[in-house]
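What follows is each chain in one-letter form.
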Amino acid sequence: MDGTIVLLIRVIVCIHCEYNKVFDFNEMIKCVWQTVMSLCYANVMLSLCQTLENYLFMGTKIPLKMSSLAEILGLAEAAGELDEPMQSKRKRYWVHPLHSSRESDMRFTTFFSEIKKYPEKFFNYYRMLILSFEELLEKVRPKITKEITHLRNPISAEERLTVTLRYHYHYAYLSIIYLSTGIHFSALHFDFRIGKSTINQIVHETCQILWSVLQPTEMPEPNREKWIEISELFYKKTNFPNCLGSIDGKHIRCRNPNNSGSLFYNYKKYFSIVLMAVVDANLNFIFIDVGAYGREADSNVFRNSVFGKKLYRNQLQIPDPVSLPLTENNLQPFVFVADETFGLHTNLLRPYPGRRLNNTRRIFNYRLSRARRTVECAFGVLANKWNVLHTTIIVEPVFCDYIIKACCVLHNFVRKRDRCNYDEDVVDTAYINNLDDFQGHGRLINRNGMEIRDNFANYFINEGAVLFQYRTTL
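From a predicted model like this one, the values you see are computed outputs, not experimental measurements.

On to the pattern of salt bridges. For the structure shown, the criterion picks out twelve salt bridges. Across the salt bridge formed by Glu 114 and Lys 117, the nearest N and O atoms sit 3.2 Å from each other. With relative accessibility at 36%, the residue Glu 114 sits in the partly exposed group. Across the pair Lys 146 and Glu 205 runs a salt bridge whose closest N-O atoms are separated by 2.5 Å. A relative accessible area of 31% places Lys 146 in the partly exposed class. Counted as one network, the salt bridges with shared partners bring together Glu 135, Glu 218, Lys 416 and Arg 417.

Shown next as structure tokens:
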């Protein structure tokens, strides 16, 4: 750096003598002093100085004045070449003294062995039963276990999974691990006595592994037989025949990434990433799409998702149309149900829009809402199980996507194993109060979809009628 400044002084002196012809000592000292004071901490490229010197001493005819040098230095400053160099923060410790006795204390090992003695406490802490946790651990253990080196022993697979499951959050006197609660990594490292950067790496890596390992078994793409099974369950629980799933989107709060403008700013006035999901009658996720900008409408997100593209291209192995229950010749296609923001399609139904609907349309909207509420309930169960989704996720978008995917696939994993009550009672009136307020937001209007919706509406007031639909809609 000193050599660069000396070379700059030489260049300035030569330029002054060459173009001013008259040597003015005071003016030269002033010019050199101002230059050195402004550039003494600058990261000026040595090649720039050498080039300027070559112009002077090799007899070049290129006109070079003090204004030219100022212009060159101005361009260098705009490019960041004259900024004060960033001093890399050197680590003061290989392992912080606070964490140096972590292995000898065996704090986590002792805690883990003790909490397993109390199943209720274990469930409150890990958000799943002991058998479910052990099964999950065995599935991911080969991928999260690290090698023992001569430098230090690795963090165990049990502790890595525990850190990921507990994105720690403090409630007054109750501490409930990252995914299950949702607080920044700086709070976790005091409880687990692990460095913040290490916790960040553990959570990032484990979330990716959870998704890659569990998704093929817990969230596979259904075949024709599976679609029929889903449809039968929907009819049993919601009285909506030929229904393959409920579709909706959820905004997950996130930190606005740098230089992203308003891409992530949604209509609810906060920054978010969109989770688009298809849910069955047991509140399990059939499909998810994560990562769309918060400003995007649900209908656009679904249309651009892998599932949406397959639906519109007839690539989902949807079974052929069948007769509705209690009918013989009323063949109707299998459909998904969604709210008014989605467009009508042969295999996608939404409510009738507008006010002052007749009884047939009001009853159809009610019956569709009873089926569609499953996705709303699934989002509620998901966020209450993994409280990180109730908070602003303060990580970069790609990392945030993996966190959301891990939560969704763990949601399916836990519900299928922990004897969850699949008969949650949801008050129907919560979906009936707004039956007159549906607006026509969707832009895609499929004539065949309109005819299919009318057929379902007529079915619900004839062969498919149920007694309680009149008490809530008339």
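So much for the structure itself; the text now carries on.
We now examine helix H15 (residues 359–385). Its 27 residues give H15 an end-to-end C-alpha distance of 39 Å, which sits within 8% of 39 Å, the value for a rise of 1.5 Å per residue. Approximately 35 degrees is the largest bend angle found in H15, and it occurs at Ala 371. With 20 of 27 residues buried, H15 lies mostly within the body of the structure.

Attention shifts here to the side chain of Asn 266. When you line up the elements, Asn 266 lands in the loop between strand E3 (243–253) and strand E4 (272–279). In this structure, Asn 266 is in contact with His 251, Ser 272, Gly 294 and Arg 295, ignoring residues within four places of it in sequence.

It is the contact of H15 with helix H16 (residues 397–415), at a shortest axis distance of 10 Å, that shows an interaxial angle of 95 degrees. Between H15 and H16, the angle falls in the class roughly perpendicular. Contacts between H15 and H16 involve Ala 378, Val 381, Leu 382 and Lys 385 from the first element and Cys 407, Cys 408, His 411, Val 414 and Arg 415 from the second. Considered class by class, the residues forming the contact of H15 with H16 number six nonpolar, one polar and two charged.

A separate point is the sheet that holds E3. One open sheet holds the five strands; their spatial order is E5-E4-E3-E8-E9, and the pairing between them is mixed. Strands at the two margins of the open sheet, each flanked by one partner only, are strand E5 (285–293) and strand E9 (348–349). When E3 meets E4, the two strands line up antiparallel, connected through eight bridges. Of the residues in E4, the one forming a bridge with Lys 250 is Leu 275. Contacts from helix H12 (residues 224–238) reach E3, E4, E5 and strand E8 (335–337) within the one sheet, and its direction differs from that of E3 by about 85 degrees. Packed on one face of the sheet, H16 meets E3, E4 and E5 and runs near 165 degrees to E5.

A few words now on the packing of helix H8 (residues 130–144) against helix H11 (residues 196–218). At a minimum axis separation of 10 Å, H8 and H11 run at an interaxial angle of 120 degrees. By the angle between their axes, H8 is oblique relative to H11. Remark: the crossing between H8 and H11 carries right-handed chirality. From H8, Leu 136, Lys 139, Val 140, Lys 143 and Ile 144 reach across to H11, where they touch Glu 205, Thr 206, Ile 209, Leu 210, Val 213 and Leu 214. Its residues placed into classes, the contact of H8 with H11 shows seven nonpolar, one polar and three charged.

What counts and what doesn't
Residues numbered from 1 in each chain as written. Predicted model: local features only at pLDDT ≥ 70, side-chain atom pairs only at ≥ 80, totals over all residues. Heavy atoms only, no water. Salt bridge = Lys/Arg side-chain N within 4 Å of Asp/Glu carboxyl O. Buried < 20%, exposed > 50% of the residue type's maximum accessible area, 1.4 Å probe, protein only. Helix = DSSP H or I, 4+ residues; strand = E, 2+ residues; numbered from the N terminus. Expected span 1.5 Å × (residues − 1). Bend = angle between axes of the 7 residues up to and from the residue. Contact = heavy atoms within 4.5 Å. Axes fitted to C-alpha atoms, helices over the stretch in contact; angles between N-to-C directions. Parallel < 35°, antiparallel > 145°, perpendicular 65-115°, else oblique. Nonpolar A, V, L, I, M, F, W, Y, C, P; charged D, E, K, R; others polar. Pairing = 2+ DSSP bridges. Left-handed = near helix turned anticlockwise from the far one by under 90°.

The values reported here are purely geometric and, on their own, carry no functional implication.
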